[in-house]
Structures are given as C-alpha cells and as structure tokens.
Amino acid sequence: MLMALEPLRAVLLMGAGPEIQVRFMANTILIGAQWGDEGKGKIIDVITTEHQWVVRYQGGNNAGHTVEIGDQRYVLHLLPSGILREGCSCVIGNGVVVDPAALKKEIDEVEAQGISTKDRLFVSDRAHVIMPYHRLIDEYREGRAAIKDKIGTTKRGIGPTYADKAARVGLRMGDLIDASFPNQLRKRIHENNRILEALNAPTLDAEEVLEQYQAWATSLQPYIVDTVTLLNEADRKGESILFEGAQGVMLDIDFGTYPFVTSSNATAGGACTGSGVPPHRIERVIGVVKAYTTRVGEGPFPTELHDATGMELAKVGNEFGSTTGRPRRCGWFDAVVARYSAVVNGIDFWALTKMDVLDNQPVIRIAVAYECAGRTYRDMPASVGVLEACRPVYEEMPGWMTPTTHIQRFEDLPEPARAYLTRLEEITGVRVGIVSVGPQRDSTFIIEDVYATRS
Ligand code: GDP
Ligand code: IMO
Ligand code: MG
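Residues numbered from 1 in each chain as written. Chains lettered and ligands numbered in written order. Predicted model: local features only at pLDDT ≥ 70, side-chain atom pairs only at ≥ 80, totals over all residues. Heavy atoms only, no water.

S.K.: Got a minute to help me understand the site of ligand 2 in this structure?
M.R.: Taken together, 20 residues form the shell around ligand 2, and within it Lys40, His65, Thr154, Gln247 and Thr262 come nearest. The separation between an oxygen atom of ligand 2 and a polar main-chain atom of Gly64 is 2.9 Å. Between ligand 2 and Thr262, the relevant distance is 2.6 Å, taken from an oxygen atom to a side-chain nitrogen or oxygen of the residue. At a threshold of 2 Å from the grid points, most atoms of ligand 2 map onto the largest pocket. Residues lining the shell around ligand 2 come from more than one domain, with at least three contributed by each of domain 1 (11-125 + 226-451) and domain 2 (128-223). (Near = heavy atom within 4 Å. Polar contact = N/O pair within 3.5 Å; in protein donor to acceptor, adjacent residues only side chain to side chain. 1 Å grid on protein atoms, 1.4 Å probe; cavity = no way out; pocket = protein on both sides within 12 Å on 5 of 7 lines; lining within 4 Å. Sits in = over half its atoms within 2 Å of the grid points. Domains from an automatic or database assignment.)

S.K.: Explanation requested: the environment of Arg409 in the structure shown.
M.R.: Relative to the assigned elements, Arg409 resides in the loop between strand S20 (391-398) and helix H14 (415-428). On the basis of relative accessibility, which here comes to 42%, the residue Arg409 falls in the partly exposed class. Sequence-wise, Arg409 and Asp138 are 271 residues apart; in three dimensions their C-alpha atoms are separated by 46 Å. (Helix = DSSP H or I, 4+ residues; strand = E, 2+ residues; numbered from the N terminus. Buried < 20%, exposed > 50% of the residue type's maximum accessible area, 1.4 Å probe, protein only.)

S.K.: Quick question: what am I supposed to make of helix H11 (residues 308-316) here?
M.R.: Taken residue by residue, H11 has Gly310, Leu313 and Ala314 as its buried positions. Along H11, the residues classed as buried sweep out an arc of 100° about the axis, all on the same side. In H11, those exposed residues whose orientation departs by more than 90 degrees from the buried face are Ala308, Met311 and Lys315. As for H11, its buried residues are in contact with strand S15 (329-331). (Arc of directions from axis to C-beta. Contact = heavy atoms within 4.5 Å.)

S.K.: Please explain the domain arrangement of the chain as it appears in this structure.
M.R.: Parsing the chain into structural domains produces domain 1 (11-125 + 226-451) and domain 2 (128-223). One C-alpha centre belongs to domain 1, the other to domain 2; they are set 29 Å apart. The interface of domain 1 with domain 2 comprises 34 residues on the first partner and 25 residues on the second. When domain 1 packs against domain 2, the two sides together hide about 2,400 Å² of surface, and 61% of this comes from carbon and sulfur. (Buried area = accessible area lost by both parts, 1.4 Å probe.)

S.K.: What exactly am I supposed to notice about the site of ligand 1 here?
M.R.: Around ligand 1, the structure places 20 residues, and the nearest of them are Lys40, Thr66, Ser322, Asp356 and Ser436. One of the backbone nitrogen or oxygen atoms of Gly41 is found 2.9 Å away from an oxygen atom of ligand 1. In the model, a nitrogen atom of ligand 1 is placed 2.8 Å from a nitrogen or oxygen of the Asp356 side chain. Burial of ligand 1 by the protein chains amounts to 95% of its free accessible area of 590 Å². Put simply, the parts of the chain that give the shell around ligand 1 at least two residues each are helix H2 (40-47) and strand S5 (65-69). Of the residues in the shell around ligand 1, the class split is three nonpolar, eight polar and nine charged. (Areas by Shrake-Rupley, 256 points an atom, 1.4 Å probe, with all protein chains shown as cover. Nonpolar A, V, L, I, M, F, W, Y, C, P; charged D, E, K, R; others polar.)

S.K.: Is there a simple way to think about the packing of helix H4 (residues 132-144) against helix H7 (residues 181-198) in this case?
M.R.: Between two packed helices, what matters for the description is the angle formed by their axes and the separation of those axes. In contact at an axis separation of 10 Å, H4 and H7 are set at 15° when each is read in the N-to-C sense. When the axes of H4 and H7 are compared, the pair comes out roughly parallel. Remark: the crossing between H4 and H7 carries left-handed chirality. Contact residues: Tyr133, Leu136, Ile137 and Arg144 in H4; Arg188, Ile189, Asn192, Ile195, Leu196 and Ala198 in H7. For the contact of H4 with H7, the per-class residue count stands at seven nonpolar, one polar and two charged. (Axes fitted to C-alpha atoms, helices over the stretch in contact; angles between N-to-C directions. Parallel < 35°, antiparallel > 145°, perpendicular 65-115°, else oblique. Left-handed = near helix turned anticlockwise from the far one by under 90°.)

S.K.: Can you help me understand the coordination of the magnesium ion (ligand 3) in this one?
M.R.: Tetrahedral coordination by four donors sets the ideal angle at the metal to 109.5 degrees; octahedral coordination by six donors sets it to 90 or 180 degrees. Every protein donor of the magnesium ion (ligand 3) is accounted for by Asp37 (OD) and Gly64 (O), and the metal-donor separations fall at 2.0 to 2.2 Å. Of this pair, Asp37 sits in the loop between strand S3 (28-32) and H2 while Gly64 sits in the loop between strand S4 (53-56) and S5, placing them 27 residues apart in sequence. (Donors = N, O, S within 2.8 Å, 3.2 Å for Na, K, Ca; no water.)

S.K.: Looking at this model, I keep getting lost on the sheet that holds strand S13 (residues 284-290). Mind explaining?
M.R.: Note: strands within a sheet are paired through backbone hydrogen bonds, in either parallel or antiparallel orientation. As summarised here, the arrangement of the ten strands in space is S11-S9-S7-S4-S12-S3-S13-S17-S21-S22, forming an open sheet in which the pairing is mixed. Because the sheet does not close on itself, it has two edges, and the strands there are strand S11 (224-225) and strand S22 (444-446). Two strands pair when backbone bridges link them, and S4 and strand S7 (residues 89-92) are joined in this way by four bridges, in the parallel orientation. Across the sheet, Val54 pairs through a bridge with Cys90, a residue of S7. (Pairing = 2+ DSSP bridges.)

S.K.: What's the story with the pattern of salt bridges in this structure? I'm lost.
M.R.: Pairing of side chains with opposite charge becomes possible as their charged atoms draw close. Tallied over the entire structure, the rule returns 27 salt bridges. For Asp235, the salt bridge identified is with Arg281, shortest N-O distance 2.6 Å. With a gap of 46 residues between them, Asp235 in helix H9 (residues 227-236) and Arg281 in the loop between helix H10 (269-273) and S13 connect regions that are remote in the sequence. Of the residues examined, Asp235 reaches a relative accessible area of 6% and is grouped as buried. Residue Glu425 pairs with Arg431 through a salt bridge whose shortest N-O separation is 3.4 Å. Residue Glu425 is classed as buried on the basis of its relative accessible area, which comes to 18%. A relative accessible area of 41% means that Arg431 is categorised as partly exposed. A single salt-bridge network, built from bridges that share partners, covers Asp37, Lys290, Glu319, Arg328 and Lys354. (Salt bridge = Lys/Arg side-chain N within 4 Å of Asp/Glu carboxyl O.)

S.K.: Just checking my understanding: could you explain unusual backbone geometry for this structure?
M.R.: Where the residue is not glycine, phi is negative for most of them; where a peptide bond is considered, it is trans in most cases. The omega angle of the peptide bond from Tyr258 to Pro259 is 10°, so this bond is cis rather than trans. Here Pro259 shows up in the loop between strand S12 (241-244) and H10. A positive phi angle is found at Asn200, which is not glycine, with a value near 60°. Take Asn200: it is sitting in the loop between H7 and helix H8 (206-220). Unlike most non-glycine residues, Ala373 shows phi in positive territory, near 50°. On the secondary structure map, Ala373 appears in the loop between strand S18 (363-372) and strand S19 (375-377). On the accessibility criterion, Ala373 (82% relative accessible area) is exposed.

Following this line, the structure appears as structure tokens:
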C-alpha cells in the first residue's frame, strides 16, 4: 500500500544484509517508549541509511544518545544521530531548546573527529535559546526543593526555557542573530535577576552574558535557517525524513508521570509541532523499548528492582546516564507502559533493544497490570500517587541463559528468547520489527515482514 502511495520512496537496498531487501523510505518518527535511554541513538544510526534527513524535534542537551561504531563511541546531546552518516542532512527543529555553548562544543567535537557539519546541519530560527538564568533557575530550584519534590532534572535549564517559551518571554535562535538581541537580552536579564535573588542564586551581568552569546551567535549564524521551509521542500522532492525523539513517553509533559517528567512532548505528536512537517506527511512510527526498563531521575517506577537482579541488570547493561553519568534505576519490562506508549504514539512496530542484557537471567518477568488498593489497572493511571502505591502483576517466563550478541536472525535466537519476544508482541499488541543484541551497529537485525509493512 505504501508502495502505491509513495512510488518515489520505494527503494531496492542491496548489501544491507545477507539478502536483497525491498524497503520503504517512509517519513518516520522514532520515539522512546519508556523513560528514555532505550537505545534510540543506536537504532537511528542503523536506519539512517534509508533517510536523507534526521530531525530532532524536542528536548535539548538533556538527551544523551550513544552510537558505537567500531571502537569509536559517540554520545550526542543536541546533534541528531544522523550526523554520523555522511550524506545525511540534520535539523535541529523549532521544538528543540538550544544551549549555544553546548551546540558549539558538540559541533567542534564532531568536526575534530573528521565529521563535517557544513551545509548538512541546520538549526531552526524558531528554536528557543537556553540562557544562563534558565540553567541557574533549574539548578537552584532543584537544590532547594524538598526531597519528595525533587524531579532529578539534568540541570541543563530545559524546564525554565520551555516555561519562558509558553510565557512568551523566550529568546529564539533567530533573535540571537538579530540587531534587537542586546536590548532584548538586557531586559530578560534584569527581570530574571529578581528571580535568581529570590532563589539565593548568583545574579548575572548582562554585558558579560551579551558578549558570550554574541560570540556564539557569530559562529552559529551559518547554521541558523528557516527549517520549516527546508524540510517541507525536501519532503516535496521525495526525500525521506526520520524524526529523532528524545527522552521517552513516560517523560512527556502531557502523558508522562507528571510532574516527574521533562518539559516537552517526547511523544510522536511532538514531531509535527516541533518541526513544522504536517501529520499527513508522516507514514510510520517506530517505538524503541528496552527488553527491561530503566529510569534516571526521580518519580514513580512500578517495576523497579531494589535487589541483586536490579543491580545485575544495571551492571550488565552498563546503565549510567549518558548525560549526567547518574546510575539508572532498573526493573522488569512493563507492558502497561508499552501498551500505553503504543496507543499514545500509534506505534507501527517495536525496535527492541538490549535483549543481550537478559542473557544470564534464569527467570524473566513481565508486568502485565498494576494493583493498587484492591483495584487492578491495565491502563496507565494518571495519578503519580497511584503509581507510587501500586504493585505490578507479573507473568514469568524462562530465560535463555546463552549469549545472543552474535545473532543476526530471529530464527537463530534461542527458543525461550523467541518466546519472550512473541509474548511481548501478544501483550502489547504491537509486532517487533527490529531487535538489538549489542551496542554496535551490526548487533542488530530487522524482521523484514514487520519492517516493510504498516500494521
Ligand atoms: P538513547 O538515549 O535512547 O539514545 O539511549 P542511550 O544512548 O542513553 O543509552 C543506551 C545505551 O545502551 C547506550 O550505551 C548504547 O550504546 C547501549 N545499547 C544500545 N543498544 C544496545 C543493545 O542492544 N545491547 C547493549 N548491551 N547495549 C545497547
Ligand atoms: P534521552 O534522550 C533519560 C529526565 C531527567 C529527569 C527528568 C527531567 O537520552 O533518552 P530535564 O533536565 O529534562 O528537565 O529532567 O527527565 N531526562 C531523561 N532521562 N533520558 C533522557 O534523554 C532524559 N532527558 C531528561 O533525568 O528525571
Ligand atoms: Mg540517553
């Protein structure tokens, strides 16, 4: 059906695997379907061979997307993961909040590694700028909050920047290179110094900040463009776009475990508002899930393990935050979360990652529902209070107790591993189209019949 609708996008890919594969270069959204860090960066890197454009549409440098290629390990915070594939153009969309210092640093780092960003990295003139007062407000608010109210933010200024955007007092990348910037900035600093004083935070010298930001503006100017026109023109020419979600559904400002969330729409809907590409131009949504669950920062996590198994998952999975280095909390796969994710995002298939981390588990558990105060929840409750009090209802399956990292086909997985994937498909109502069995590019396989069709 896609072939008929999109003749331009049908492509015959050779050499991508042992057999010749017909693929569809559909405009695709890829989102994290849990609490972030599902392995989005790695999966994007694998599938960018089929896309000319990769677009970040929300979040900022709170994200950390890891890509391992050979013995090189890249952790990208603001740059779309497509930057590592030559020939792929990358956009930081209007929905992203940009810290110019962080962006400049990341550009310099990849350039030093021989990766050119010239004429292939574009930053929206509508993207909001993270200012030093945003970072300070984030840090001091977190620092002063009572333990139970701490969100565990990355302290990158993300929340206060989105708050200013909604309050219509934000500064955008387009403003940064506009003649009106000095006066706009002075006004904002004057006002924010009052807030910083109230938080017992250091206040800012407007002229010092101005000098810094003008220097970044000069070096970033060539990247700042109207990305809405750019992307829609690319789409009209039949070039295909991959939208790279940051964070995950449960950290989404509307659908996550509010208030323990980030401040943007990490769900599929955010791709349209965060890029200016309309919904009817998007043909496919891929949800990335880990074979278990992790969370970094505070907030409810029903399947969290506080025992030796949790510690082992953290150790084998190397579960430390890519941005802050904080240890990630670990637990079993939560099918309530995954089903909810599938509904909210319209997920066509799962990319299931870190299957290999379960290789040594004799018994594997899947949460199929929650119980709280005598009530069973099969759908995600909105209340953080309920989530904190609930107990997961588990199903158990035998583990496979054998390494899987070398495996390249579903049929070659050990029988209990195939049964686990099949059970996850049944419980979530969504097929698995990509399986990742290690951090490297080639520790990945695609289940062709699922990948090439829409459910
Ligand atoms: P992202 O934020 O969703 O891009 O994920 P992160 O990069 O923050 O965290 C995922 C981590 O898991 C990274 O260190 C990846 O290199 C690693 N990873 C991704 N897929 C796999 C996999 O299938 N197996 C293992 N063992 N590690 C993986
Ligand atoms: P990627 O894209 C995991 C979490 C923080 C905190 C909450 C709010 O790598 O999956 P913020 O700084 O955004 O205001 O913090 O959100 N968080 C993430 N957790 N992965 C991420 O990104 C995250 N980005 C933010 O830990 O709990
Ligand atoms: Mg991450």
